[in-house]
Number of protein chains: 2
Amino acid sequence: MVKYPGGIAIARKQQIKQLKTVKFGKRGMNFEAEINATNEYYLMHGLAVIHKKPTPVQIVKVDYPKRSRAKITEAYFRQASTTDYSGVYQGRYLDFEAKETQNKTSFPLKNFHEHQIVHMENVLKQEGIVFVLLHFSALSRTFLLKASDLIPFFKEKEGQKSIALAFIETKGYELPTNQLPSIPYLDCIQKIIGGDSHF
Amino acid sequence: MVKYPGGIAIARKQQIKQLKTVKFGKRGMNFEAEINATNEYYLMHGLAVIHKKPTPVQIVKVDYPKRSRAKITEAYFRQASTTDYSGVYQGRYLDFEAKETQNKTSFPLKNFHEHQIVHMENVLKQEGIVFVLLHFSALSRTFLLKASDLIPFFKEKEGQKSIALAFIETKGYELPTNQLPSIPYLDCIQKIIGGDSHF
């Protein structure tokens, strides 16, 4: 067990995570940090309001010391029942999950939990915009894949353990990574909803 | 410090919270539980997908015991940077905060944090549906108030410490409480967006 004081812990953890992660776009930021920076950019420029949901935690014990703030002394990570990111873009509900792999030829399906897939289906039924951002860290390539193209792997195509890169190249949308914001998924969404394609 | 095993802790806490709360609609459920049940009802009936965001927690220490799941041993509550509830209704982004008071004639503004107000403004700019559910527990009355009617209290009307019930009765929408779901806010939203009113 390692202990760091408050805010530093977060920064330190981020550093460790970055070191563990294959450098993204040679800027040394990890995929999640890039997405958060992109969301911050969209928010600052009034283009969309997208937030990452807090990590769900089951709190068991809380200590209330006098004259200092409540301290959680026993808690456990819970599995998320929804996707990680959601928000609003031009009035429409937008929802996505971001995952990365070190594989070079396919994306492992075990990265997704069953209730995330159920959630995506529910959002689709409500006509929300829902997709996944898939990052191949070893290839430095990022794709947007509509949930409607992902879900069949958990239904009709059940039994498959991964999605071939070739399928993602065909059905997905590759995002350019050498610009600001670094994961420009909104441009892609705009193209999709502007055209004939449906989510 | 009191300790309960896993899931029971949550149930026990709920019970304590319920005891502390003035009985809601004489059914003994607290306001938050009523909203969660309403969201569950909407989800089950395919009417909307609305979730409560997890409580934001800053994790400082995590213990990884062998052969058992990770245990968080030091963490603190963080202030939420958005509202508590969000999701999708007929393709549109829907976002709200729920608050209750024991006051009988006005609703205290200190219940809202500044960045929640900023978040509501951002959502409005993106044409999202954003509002608050205000519950007067001593009166057993619940109102939906559009964010656009709340925000001025933090801008032009700055200095006021509460919103008069009379204002809420005029500008807000009272929700019936003797039906299923128990906080039928969607009916109200449908009336607002179906009519001339804007969020």
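Residues numbered from 1 in each chain as written. Chains lettered and ligands numbered in written order. Predicted model: local features only at pLDDT ≥ 70, side-chain atom pairs only at ≥ 80, totals over all residues. Heavy atoms only, no water.

1. With respect to the UniProt feature "binding site: Mg(2+)" (unreviewed entry) in chain A
Residue and element names in this part refer to chain A. As recorded in UniProt, the sites labelled "binding site: Mg(2+)" (unreviewed entry) are Thr82, Asp84, Glu97 and Gln116. A compact arrangement is adopted by the annotated residues: their sequence extent is 35 residues, whereas the largest C-alpha distance between any two is 9.3 Å. Checked against the element boundaries, Asp84 lands in the loop between strand E3 (71–77) and strand E4 (85–89). Relative accessible area serves as the criterion here: at 21%, Asp84 is assigned to the partly exposed category. Beyond its immediate chain neighbours, meaning those up to four positions away, Asp84 contacts His51, Lys52, Lys53, Phe96 and Glu97. Contacts of Gln116, omitting those with residues within four sequence positions, involve Thr82, Thr83, Glu97, Lys99 and Asn111. (UniProt positions renumbered as here; feature names shortened; annotations may be inferred. Helix = DSSP H or I, 4+ residues; strand = E, 2+ residues; numbered from the N terminus. Buried < 20%, exposed > 50% of the residue type's maximum accessible area, 1.4 Å probe, protein only. Contact = heavy atoms within 4.5 Å.)

2. Remarks on the packing of aromatic side chains
According to the stated counting rule, one finds 23 aromatic pairs over all chains in the structure shown. Look at Tyr42(B) and Tyr185(B): their rings are 5.3 Å apart centre to centre, the planes differ by 90°, and that puts the pair in the edge-to-face class. Taken together, the residues span a long stretch of sequence, with Tyr42(B) in helix H2 (residues 31–44) and Tyr185(B) in helix H6 (residues 185–194) at a distance of 143 residues. Of the residues examined, Tyr185(B) reaches a relative accessible area of 0% and is grouped as buried. Judged by centre distance (6.4 Å) and plane angle (85°), the ring pair of Phe112(B) and Phe154(B) falls under edge-to-face. One end of the pair, Phe112(B), is in the loop between strand E6 (106–108) and helix H3 (114–125); the other, Phe154(B), is in the loop between helix H4 (147–150) and strand E9 (162–164), with 42 residues separating them in the sequence. Of the aromatic side chains, those joined through ring pairs into one cluster are Tyr41(A), Tyr42(A), Tyr85(A), Phe96(A), Phe131(A) and Tyr185(A). Taking the ring centre of Phe112(A) as reference, the NZ or CZ of Lys99(A) above it sits at 5.9 Å. (Phe/Tyr/Trp six-rings, centres within 6.5 Å; stacked < 30°, edge-to-face > 60°. Lys NZ or Arg CZ within 6 Å of the ring centre and 35° of its normal.)

3. A closer look at the relation of the copies chain A and chain B
Between the two copies, chain A and chain B, the superposition gives an RMSD of 0.1 Å; the rotation angle is 180° and the shift along the axis is 0.0 Å. What we have between these two chains is a two-fold relation. (Least-squares fit on C-alpha atoms with pLDDT ≥ 70 in both.)

4. With respect to the nonpolar core
Phe112(A), Met120(A), Leu150(A), Phe112(B), Met120(B) and Leu150(B) are the most contacted members of the largest nonpolar core, which totals 45 residues. Look past the residues within four positions of Phe112(B) in its chain and what remains in contact with it is Glu97(B), Lys99(B), Phe107(B), Ile117(B), Met120(B), Val132(B), Leu134(B), Leu150(B) and Phe154(B). (Core = buried A, V, L, I, M, F, W, Y, C linked by side-chain atoms within 4.5 Å.)

5. Description of the confidence of the model for chain A
Averaged over all residues, the pLDDT of chain A equals 85, while 84% of them reach at least 70. Every residue in residues 1–28 of chain A is under pLDDT 50, and counting partners more than four places away or in other chains gives 43 contacts. (pLDDT = per-residue confidence, 0-100.)

6. Points about the layout of surface pockets
All names here are of chain A. The volume enclosed by the second largest pocket comes to roughly 180 Å³. Lining the second largest pocket are 13 residues, with Glu114, Ile117, Phe154, Lys155 and Glu158 sitting closest to its centre. Here the residues of the lining of the second largest pocket sort into six nonpolar, three polar and four charged. (1 Å grid on protein atoms, 1.4 Å probe; cavity = no way out; pocket = protein on both sides within 12 Å on 5 of 7 lines; lining within 4 Å. Points joined across faces, edges and corners; volume = space filled by probe spheres on them. Nonpolar A, V, L, I, M, F, W, Y, C, P; charged D, E, K, R; others polar.)

7. Some words on the UniProt feature "site: Transition state stabilizer" (unreviewed entry) in chain A
Residue and element names in this part refer to chain A. The positions that UniProt labels "site: Transition state stabilizer" (unreviewed entry) are, in the present scheme, Lys99. Excluding its chain neighbours within four sequence positions, the residues that come into contact with Lys99 are Phe31, Phe107, Asn111, Phe112, Gln116, Leu133, Leu134 and His135. Within the structure, Lys99 has its side chain in polar contact with the side chain of Glu97 (distance 3.4 Å). (Polar contact = N/O pair within 3.5 Å; in protein donor to acceptor, adjacent residues only side chain to side chain.)

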